[in-house]
Structures are given as C-alpha cells and as structure tokens.
Amino acid sequence: MNKALQIFKYIFLDALSAAIAWTFFFVFRKTYLESIKYGYDIPIDFDANFYKALIFIPLYWIVLHFLIGTYNNIYRKSRLKEFGQTLLISLIGTLVLFFVLLLDDEVDSYNQYYKSYLVLFGLQFFITEFFRFLLTTYTGIRIKNRKIGFNTLIIGSNENAVELYKELEGQKYSAGNKLIGFSPIVKKEKYLLEGYLPHIGDCASLKEIIQNHNVEEVIIAIESSEHDSLGTIINELEGLPVIIKIIPDMYDILSGSVKMTSIFGTPLIVINKEIMPLWQQSIKRMIDVVTSAVVLILFLPVYIITALVVKMTSKGPAFFVQERIGIHGKPFMIYKFRSMCTDAEKDGPALSSQKDMRITNFGRFMRKVRLDEFPQFFNVLIGDMSLVGPRPERQFFIDQITQKAPHYNHLLKVRPGITSWGQVKYGYAENVDQMVERLKFDIIYIENMSLLVDFKILIYTVLIVVRGAGQ
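Remember, it's a predicted structure, so these values are computed and weren't measured experimentally. (Residues numbered from 1 in each chain as written. Predicted model: local features only at pLDDT ≥ 70, side-chain atom pairs only at ≥ 80, totals over all residues. Heavy atoms only, no water.)

This part is about the overall build of the protein. Secondary structure assignment for the protein yields 16 helices and 9 strands. Structurally, the protein occupies a C-alpha span of about 90 × 65 × 35 Å along its principal axes. Taking all 471 residues of the protein together, the buried fraction comes to 46%. At a minimum sequence separation of 6, the contacts of the protein that also span at least 24 residues come to 73%. (Helix = DSSP H or I, 4+ residues; strand = E, 2+ residues; numbered from the N terminus. Buried < 20%, exposed > 50% of the residue type's maximum accessible area, 1.4 Å probe, protein only. Contact = heavy atoms within 4.5 Å.)

Right under this line is the structure:
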C-alpha cells in the first residue's frame, strides 16, 4: 500500500481533468461565443495565453482540492460523498474563475455569460468526477478483494473478540481490516483469541504496539464485565493516529449510536476523531505557514536585536532548545529566546513562577510581552506547532499530569500552539495541579475548534502582548 503513489494518482488525474476541461472550454469560446459575437467563424488559435492558463488552471484546482481535504485519507473514500464534494467545489471554483477570468469577456448578450459559466462548470465537474469515480471504484474493489488492507489491532481476547474475528474474516467482501494481532484487557496464561491471532502486547503498551506495527485501526471487542476499562483504553488511544471502533451492544443499536458506513461491513461504533472540518484544517495550516513566514521575514531585525540583548545581559546562548511532545505524542525540539539562567534546571525539571529567581531581568520583560515565544514561529513553519493550540509539555510533566487527569492525551490529537485558550484564560502554570486546572480550558477548545475560535484567541493574545500582561 503506497499512499504517496495513490495521492499522486489523484493529483495527476485532477490536473489532467482541469487541463482537458479548460481546453474544451477554450474551443467552445472560439467556435461558439466569439463566432456569435463577431458574426463569422473564429479560427482556433492556441496562443500563449492559452498555454499560460493551462499551467495556472490545474494548479488552481489542485490547491482548492487540497484545501477541502481531498487528498487526506486517500484510501478511505466514499464515492457518494466524493461526488458531493466534487460537485460543491466545482460550483464554487468555477464561480471564482468566472469573476476573475471571464467577466471581462465581450459577449453578444448577458445570456452568454450564463452559458460560459454552465459550460465551464459542466466540463470541470463531469470530467473530474469521471476520473475520480474510476480511481475510487478501482481502489474499493482492491480493498474488498483484500489486495489493500489497513493494519488492525483487536483489543480484547474473549468471546466477543473471537466472534468479531470470525465475522471479519468470514465476510465475502473485506471492509479493509487486516487483522495483525490482539491485546487483552487482563493478563492470563491462555486466551481464546490466541488460536486465531498473535498476542502482540498488553493494553498498558498500546502506544508502542501501534507505532511498532503501523496500526491504522483499533477495534475494541471487550466483554460486558470489562466495560470499566473502556474509558482507560480510549484515553490511552487518544492523540494516536488510529481510527477507533467499538463493537456495539443492543442498547447502542437502539439508541442510534451505530451508524451504517457500508452495506457489507460489520456494524461498529466509530469514535469520531474529526474535531474540525477538513477544509478548516487545511486553511488553518495555510494560515500557520503564511503568517509564520511573514513574521520570520518582517521581524528579522527584532530577532537579531533580541538575541544580542539576551547574550549581553546574561551568560549563555541566545536561544533555548528543549524537547516537547507534539501531535500524536511525537517529540520535537521547541525554540525560544532564553529567559532563564543557563543552570536553571541543574536539580531537575522545574516549572517557573512569577517570582522565580532563575528568570533574568530581560527574560522577565520578554515573558510579559511574550517575546521569548517568537522563535516558535519556526516550529509552526516546519509543522511541529500551530499558531493556536494547547501548549506543548515535556514528557516528564505529562507523566505526572496523566496520573491525575488521564484525559490529557486528548490534547495530543492536535498540533500544540504558540498560544491557547488555556494560556489566555489561565496563564503559565507553576505546578502540576495548576497544569491540570488549565487542562479543562484546552479540552473545551479542542471540542469547539474552529477558525473563528482561533481568531478570537489570537486577538486576546495580541492584547496581552500590547498590555504586557503576560507572566
């Protein structure tokens, strides 16, 4: 299964569709619109403007498709949903092209404008959908015939797990689950599922199992007597790049929790991890990249001056580099202007406080106006962080937080940010209890993530910087 190749196929076919649609539309304009306008046949001349458009137009459509998340989850596509997305983006994208490129055309009557839009929309939509339908159908056939599969871990080891295994393996058409092993809830000498699948670790090491075996889906098939462990299991899985499914009981079915995702698939409850629409996620990332690039370029003199002042006012390097934990639990190196003395943690990891003697005089000023955080725009640019998101912590403190609040792992579903609602509402935490207290604001943010919420948080952050109200 080569995801990069599959993405390339979609991008190539989308670019080809846009090029073909524009070529046919160009011919339509020459042979119909311009011929009516001038009263005689216009020869089809593929001039320099046509070839320029043939480069620009496909790129334009690819960017639009990227922004709405077309190239995400490339193997998990519904033809019906894809039809609707292609229809919507074709309507909107054609409308933009109409106002940018076609509205200045001299036409015989205004009816020709409507015909221009409808023809371009029709060509773009039907050609794009034709190629996508073929590729998505072919991919779906390969999944059903078990040529393509997603590494799947079963959590559970008793009757329900065995029944699930037999049902999945006995299906005429596969749902795409490639069962690689199971992890039991309770350690025993012998497991019922052991005769069908390998035992590849216990629930206490789910993170390592998922990473080591490239697990893409987890199906929780536990017994009624084991339901007390369900919350713990889901907390362990939160923030990891896997799809979580649970076998339902009759109450779940009657309450409407079980949604039909395919005609032939096993009925399962899917834990919805899409905290933000794909198109908003794409725009959020685009805003991150553009803003970070602009700040790094325009504020370069500020970076240089700040670095020099840090060097001149205290011994040690200008920048502070430290490992933090990012999205899906992946560690990364965070960059800040150094605001503390170099031996600040000689006795081990320690959080700062308002009257912390380890903070330098200039460091105290930087913290008030958040100047020490400015190097993190580089972290945002390379994808480690976002402008808005929960503040990243060290594993040392995460281990302590999760002992008191296991739902901290919920934060690992998103990129950490330079600023957050928890940061705006609560400020810097001075101990683990305060970190747990601040956690609730970040959880609420994640459950209500949107571009509008991000914009509000950024406004409040700017006000904090202007007022020098940081800690």
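Let's shift gears to the side chain of S339. With respect to the element layout, S339 can be found in the loop between β7 (331–337) and α11 (361–368). A polar contact of 3.1 Å, which involves the side chain of S339, links it to the side chain of R367. Not counting chain neighbours up to four residues away, the residues in contact with S339 comprise R358, I359, T360, G363, M366, R367 and D372. (Polar contact = N/O pair within 3.5 Å; in protein donor to acceptor, adjacent residues only side chain to side chain.)

For α11, the complete set of buried residues consists of F362, G363, M366 and R367. End-on, the buried residues of α11 take up no more than an arc of 140°, which puts them together on one face. Turning to α11, the residues buried within the fold contact α10 (300–313) and β7. Of the residues one or two after α11, R370 is the one with positive phi, at around 60°. (Arc of directions from axis to C-beta.)

Moving on to α10. The end-to-end C-alpha separation of α10 is 20 Å, in line with the 20 Å expected for 14 residues at 1.5 Å each. Residues of α10 that are buried: Y303, T306, A307 and V310. The buried residues of α10 occupy one face: seen down the axis, they fall within an arc of 100°. Structural note: α10 exposes I305 and M312 on the side pointing more than 90 degrees away from its buried face. (Expected span 1.5 Å × (residues − 1).)

Right, let's talk about the pattern of salt bridges for a bit. Counted under the stated rule, the structure contains 14 salt bridges. Among the salt bridges present, the one from R438 reaches E393, with a minimum N-O distance of 2.8 Å. Pair noted here: R438 is in helix α15 (residues 432–447) and E393 is in the loop between β8 (386–388) and α13 (395–404), with a separation of 45 residues, a long-range link. Taken together, the salt bridges that share partners define one network made up of K3, R76, E216, E217 and K245. (Salt bridge = Lys/Arg side-chain N within 4 Å of Asp/Glu carboxyl O.)

Evaluation of the coordinates by the stated rule reveals 25 aromatic pairs. Residues F8 and F12 carry aromatic rings whose centres are separated by 6.1 Å and whose planes lie at 25° to one another, so their mutual orientation is stacked. Note that F8 and F12 are positioned in helix α1 (residues 3–38) at a spacing of 4 residues, about one turn of the helix. Of the residues examined, F8 reaches a relative accessible area of 52% and is grouped as exposed. Ring geometry for F299 versus F374: centroids 6.0 Å apart, planes at 70°, classification edge-to-face. Taken together, the residues F299 in the loop between α9 (278–298) and α10 and F374 in the loop between α11 and α12 (376–381) connect sequence positions 75 residues apart. F299 gets classed as partly exposed once you look at its relative accessible area, which sits at 35%. Through a chain of ring-to-ring contacts, the aromatic side chains of F83, F98, F99, Y117, F121, F125 and F126 assemble into a single cluster. Seen from the ring of Y10, K77 lies directly overhead, with NZ or CZ sitting 5.2 Å from the centre. (Phe/Tyr/Trp six-rings, centres within 6.5 Å; stacked < 30°, edge-to-face > 60°. Lys NZ or Arg CZ within 6 Å of the ring centre and 35° of its normal.)

Close inspection of predicted coordinates is inappropriate for parts of the model with low pLDDT. Per-residue pLDDT for the protein averages 85, and the proportion of residues at 70 or more is 90%. Long-range and interchain partners of residues 250–258, a stretch whose pLDDT sits below 50, account for 10 contacts in this model, where long-range means more than four residues apart. (pLDDT = per-residue confidence, 0-100.)

Paired through backbone hydrogen bonds, the strands of a sheet run either parallel or antiparallel to each other. Spatial strand order, β2-β1-β3-β4-β5: 5 strands in an open sheet with mixed pairing. What marks the edges here is a single partner per strand, and that holds for β2 (177–183) and β5 (269–271). Within this sheet the neighbouring strands show an average axis-to-axis angle of 30°, counted without direction. Taken strand by strand, helix α7 (residues 230–237) contacts β1 (150–155), β3 (217–220) and β4 (243–246), and its axis lies near 175° from that of β3. (Pairing = 2+ DSSP bridges. Axes fitted to C-alpha atoms, helices over the stretch in contact; angles between N-to-C directions.)

Attention now goes to the pairing of β4. Sheet topology note: the β3/β4 ladder contains 4 bridges and is parallel. In the strand pairing of β4, I219 is matched with K245. Judged from the 3 bridges that link them, β4 and β5 form a sheet pairing that is antiparallel. Along β5, the bridge assignment pairs I244 with I271.

Turning next to the pairing of β3. Neither face of β3 is open: one carries E217 and I219, the other V218 and I220, and all of them are buried. Here 4 bridges tie β1 to β3, and the two strands are oriented parallel to one another. Counted as the bridge partner of L153 is V218 from β3. In this fold, β3 hands off to α7, which returns the chain to β4; that crossover is right-handed. (Right-handed = clockwise from strand over helix to strand, strands pointing away.)

Residue position: S157 is located in the loop between β1 and α5 (159–170). Residue S157 is classed as buried on the basis of its relative accessible area of 4%.

Not every positive phi belongs to a glycine, and N73 is a case in point at roughly 45°. On the secondary structure map, N73 appears in the loop between α2 (48–67) and α3 (79–102). Of note, R370 is a non-glycine position whose phi angle comes to about 60°, a positive value. Structurally, the position occupied by R370 is in the loop between α11 and α12. Accessibility expressed as a relative area gives 8% for R370, which makes it buried.

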